[in-house]
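Spelled out from the first residue to the last, the chains are:
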Amino acid sequence: MYNELINMGISPVVSNYVMKAEAGLIDSFAMQSDITAINQLKVLHAMQANRLSDAHFADSTGYGYNDIGREALEDIFSAIFKAEAALVRPQLISGTHALAAALFGNLRPGDVLMSPVGAPYDTLESVIGIRPASGSLADYGIKYRQVDLSPDGDFDYEGIKKALTEPTKMVTIQRSKGYAWRPSFTIEKIKKLITFIRTISPHTIILVDNCYGEFVEDREPIEVGADIAAGSLIKNPGGGIAPGGGYVVGKVEYVEAAAQRLTAPGLGSAVGPTLGMTRTLLQGLFLAPQTVGSCIMGAMLAAAVFAGLGYEVNPLSLDTRTDIVQAIKLGDPKKVLAYCKGIQKAAPVDSYVVPEAAPMPGYSDGVVMAGGTFVQGSSIELSADAPLRPPYIVYHQGGLTTPHAKAGVVFALDTLYKEGLVTL
């Protein structure tokens, strides 16, 4: 592989450096392959148990009444995530939209929403009302509190206990780091947090933002006590095949409340045409565990390569993974732009484009996004993005295949090297 990259114009010194870094990851790659196999069989079993048939691939239009394909898709998601119910719809535009449906569907004026993991992802700031926006939770009189993490990145259990003394309708736990320099939370850590919350406030609804985390571990948040979880189909569970959509899984009453918000009161999950997307969504789901495994191998390699050059990386290459995101603290906006330029050069689509930082809906800073993807904004495909603000961290994720995930790291480093921003 690395010789072929040299034939594509990669500097031999860069190719050799990355190849040596990969040699130290063989055992970690093997462990990830085991998790991939477990999740692949989990998906296979769910499809078989629900008697998936090509009859389920027929499209529906209009209201989408009695769409057996949609029902099978949602039953399969429920089985995989060990949930009572699932809402899986192309009408959910993003992970933020799925989370917003879950929040607005289950919260009412006067209720309290609490985050025990610090500030939420940038796009949720407007949903909650931390950043003023018309129609936010705050506009509807829903209160928000957050407990910041301790300096070592762990949960502040005393602060959480204190915050829960006021009746709290819902707690939201963001599994992935987002655009923050903190650990992403493993399923085991989320289990510990949920158990703690239950001892203090047993009736509080616990929502997990599962974006970037699906199929990285061999368990999902519902299995460790979460009431509801949500995510995007153009991230992990879409396998790079889904052209759009999102999902909400969990207890029936909370999932149906989200459905009532997505469609209309009284209609809920009974309507919603799949518009010919059911087969694609199911095929993407089937491929998702393998695709996620490829992403993780690419992220491990990125961590090893840039840690070896003296940069702070989060997580470290040999750390336990719980999401597909690899954060690299480059410390210089020129390096962030060069890294993203390299990822774009490695893309199958728009490889000739040079990404620049620009305003984006839902973000307070200019954001640079590299992603020559088949599906616009697909984070499960090779991509890198960053808000252009100190300390200038780039967030690397994705890769539909292992060779492409590795190639992305090589192209990123090669661009930095050729622009004189790193030395080897």
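Notes on the nonpolar core
The biggest cluster of nonpolar side chains holds 101 residues, and the ones touching the most others in it are F77, I173, V249, F306, I324, I328 and Y339. Among the elements that take part in this core, helix α10 (residues 278-308) stands out by supplying 15 residues, more than any other. Every residue in contact with Y339, bar those within four places of it in the chain, is listed here: A302, F306, I328, L330, A384, V394, H396, A412 and L416. In terms of nonpolar packing, the next biggest core, distinct from the first, is built from 28 residues, V127, I128, I142 and I205 among them.

Topic: the sheet that holds strand β11 (residues 383-387)
Strands sit in the order β8-β9-β12-β11-β10 across an open sheet of five strands; the sheet is antiparallel. Looking at strand neighbours, the two that pair on one side only are β8 (312-314) and β10 (367-370), the edges of this open sheet. Sheet twist, expressed as the mean angle between neighbouring strand axes with direction ignored, is 20°. Relative to strand β12 (residues 393-397), β11 runs antiparallel, the two sharing three bridges. Considered in β12, the bridge of D385 is made with Y395. Here α10 sits on the sheet and contacts β8, β9 (326-329) and β12; the angle it forms with β9, its principal contact strand, is near 15°. Relative to β10, helix α11 (residues 333-345) is tilted by about 25°, and along the sheet it contacts β9, β10, β11 and β12.

Some details on the packing of helix α3 (residues 26-49) against α10
For the pair α3 and α10, interaxial distance at closest approach is 9 Å and the crossing angle is 170°. When the interaxial angle is binned, α3 and α10 end up roughly antiparallel. Here S28, F29, Q32, S33, T36, N39, Q40, V43, L44 and M47 of α3 come into contact with α10, specifically with L282, L285, F286, P289, Q290, G293, I296, M297 and M300.

Examining unusual backbone geometry
It is generally the case that most residues other than glycine have a negative phi and that most peptide bonds are trans. Between N314 and the following residue, P315, the backbone shows a cis peptide bond with an omega angle of 5°. By secondary structure assignment, the location of P315 is in the loop between β8 and β9. Going from P390 to P391, the amide bond is cis rather than trans, its omega being 5°. Phi at R51 takes a positive value of approximately 55°, unusual for a residue other than glycine. Here R51 is to be found in the loop between α3 and α4 (68-80).

Some details on the packing of helix α2 (residues 12-23) against α10
The contact between α2 and α10 brings their axes to 9 Å, and the two run at 115°. When you trace α2 past α10, the crossing you get is right-handed. Of the residues in α10, those in contact with Y17, V18, A21 and E22 of α2 are L301, A304, V305 and G308. For the contact of α2 with α10, the per-class residue count stands at six nonpolar, one polar and one charged.

Rules of the game
Residues numbered from 1 in each chain as written. Predicted model: local features only at pLDDT ≥ 70, side-chain atom pairs only at ≥ 80, totals over all residues. Heavy atoms only, no water. Core = buried A, V, L, I, M, F, W, Y, C linked by side-chain atoms within 4.5 Å. Buried < 20%, exposed > 50% of the residue type's maximum accessible area, 1.4 Å probe, protein only. Helix = DSSP H or I, 4+ residues; strand = E, 2+ residues; numbered from the N terminus. Contact = heavy atoms within 4.5 Å. Pairing = 2+ DSSP bridges. Axes fitted to C-alpha atoms, helices over the stretch in contact; angles between N-to-C directions. Parallel < 35°, antiparallel > 145°, perpendicular 65-115°, else oblique. Left-handed = near helix turned anticlockwise from the far one by under 90°. Nonpolar A, V, L, I, M, F, W, Y, C, P; charged D, E, K, R; others polar.

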